[in-house]
Amino acid sequence: MAKKLVIKVTAGADAPERCSQAFTVAAVAVASGVEVSLWLTGESSWFALPGRAAEFELPHAAPLPDLIEGIKAGGGTITVCTQCAARRDIEEKDLIEGARIAGAQVFVSEAMADGVQALVY
């Protein structure tokens, strides 16, 4: 079993089921004791801003704010892609508590480490 799970979300409200699935898997993994690094790219980058996750709705899915809180409470990390943040004029000071902005080098480093499983949604 992987010691760490790196999850990259490439969709937001534009593909709600794919987006929700990524956050759900991350939250379940954290609750199961797996170390999780969740990367927000593309339209999912917006969910690193206060209040934006509350605007997301998908029938029969857990609320995004609850999933994010579960990820953070369980020690998971939330990272916004540097380029994605720049394209949306998102700065580190704009993010929810505990989130960060980092680039491809950090993602590759995390994904290629021993004992890591990477998933892309």
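The structure presented is a predicted model; accordingly, all values stated were derived computationally and were not measured.

### Some words on the sheet that holds strand E4 (residues 99-102)
- Judged by pairing direction, the sheet is parallel, and its 5 strands sit side by side in the order E4-E3-E2-E1-E5 without closing on themselves. One side of each edge strand has no neighbouring strand; the edge strands of this open sheet are E4 and strand E5 (116-120). Averaged over neighbouring strand pairs, the angle between their axes works out to 25° when direction is ignored.
- Relative to strand E3 (residues 77-81), strand E2 (residues 35-40) is paired through 4 bridges, and the arrangement is parallel. Along E3, the bridge assignment pairs Ser 37 with Thr 77.
- Strand contacts of helix H4 (residues 104-112): strand E1 (4-9), E2, E4 and E5, with the helix running at about 140° to E1, the strand carrying the most contacts.

### Let's talk about the packing of aromatic side chains
- Summed over all chains, the structure comprises 3 aromatic pairs.
- Between Phe 47 and Phe 56, the ring centres sit 5.5 Å apart and the planes meet at 80°, which makes this aromatic pair edge-to-face. Pair check on accessibility: Phe 47 and Phe 56 agree, each one buried.
- Among the aromatic residues, those joined into a ring-pair cluster are Phe 23, Phe 47 and Phe 56.
- When the ring centre of Phe 107 is taken as reference, the NZ or CZ atom of Lys 8 above it lies at 4.2 Å.

### As for the nonpolar core
- Ranked by internal contacts, the top residues of the largest apolar core, which has 32 residues, are Ile 7, Phe 23, Leu 38, Leu 40 and Ile 71.
- When contributions to this core are tallied by element, the ones reaching two or more residues are E1, helix H1 (16-31), E2, helix H2 (64-73) and E3.
- Take this core: its biggest share by element is 8 residues, from H1.
- Setting aside residues up to four positions removed in sequence, Leu 40 forms contacts with Val 9, Phe 23, Ser 45, Phe 47, Ala 48, Ile 78, Thr 79, Val 80 and Cys 81.
- Counting residues in each nonpolar core, the second largest holds 6 residues, with Val 6, Trp 39, Ala 111 and Val 116 among its members.

### A word on the pairing of E2
- Of all 6 residues in E2, 5 are buried; the element is thus mostly enclosed.
- What joins E1 to E2 is H1, and the crossover it makes is right-handed.
- The handedness of the E2 to E3 crossover, carried by H2, is right-handed.

### Examining the pairing of E1
- Of all 6 residues in E1, 5 are buried, a share of seventy percent or more.
- Both E1 and E2 contribute to a ladder of 6 bridges, which runs parallel. Directly across from Val 9, in E2, lies its bridge partner Leu 40.
- Examined bridge by bridge, E1 and E5 share 5 bridges and lie parallel to one another. Residue pairing for E5: Val 6 is matched across the bridge by Ala 118.

### Structural notes on the packing of H1 against H2
- One can describe the packing of H1 onto H2 by two numbers: an axis separation of 8 Å at closest approach and a directional angle of 35°. As H1 runs across H2, the sense of the crossing is left-handed. In contact with Ser 20, Phe 23, Thr 24, Ala 26, Ala 27 and Val 30 of H1, H2 contributes Leu 64, Leu 67, Ile 68, Gly 70 and Ile 71.
- Of the residues in the contact of H1 with H2, the class split is 8 nonpolar, 3 polar and no charged.

Scoring rules and cut-offs
Residues numbered from 1 in each chain as written. Predicted model: local features only at pLDDT ≥ 70, side-chain atom pairs only at ≥ 80, totals over all residues. Heavy atoms only, no water. Pairing = 2+ DSSP bridges. Helix = DSSP H or I, 4+ residues; strand = E, 2+ residues; numbered from the N terminus. Axes fitted to C-alpha atoms, helices over the stretch in contact; angles between N-to-C directions. Contact = heavy atoms within 4.5 Å. Phe/Tyr/Trp six-rings, centres within 6.5 Å; stacked < 30°, edge-to-face > 60°. Buried < 20%, exposed > 50% of the residue type's maximum accessible area, 1.4 Å probe, protein only. Lys NZ or Arg CZ within 6 Å of the ring centre and 35° of its normal. Core = buried A, V, L, I, M, F, W, Y, C linked by side-chain atoms within 4.5 Å. Right-handed = clockwise from strand over helix to strand, strands pointing away. Left-handed = near helix turned anticlockwise from the far one by under 90°. Nonpolar A, V, L, I, M, F, W, Y, C, P; charged D, E, K, R; others polar.

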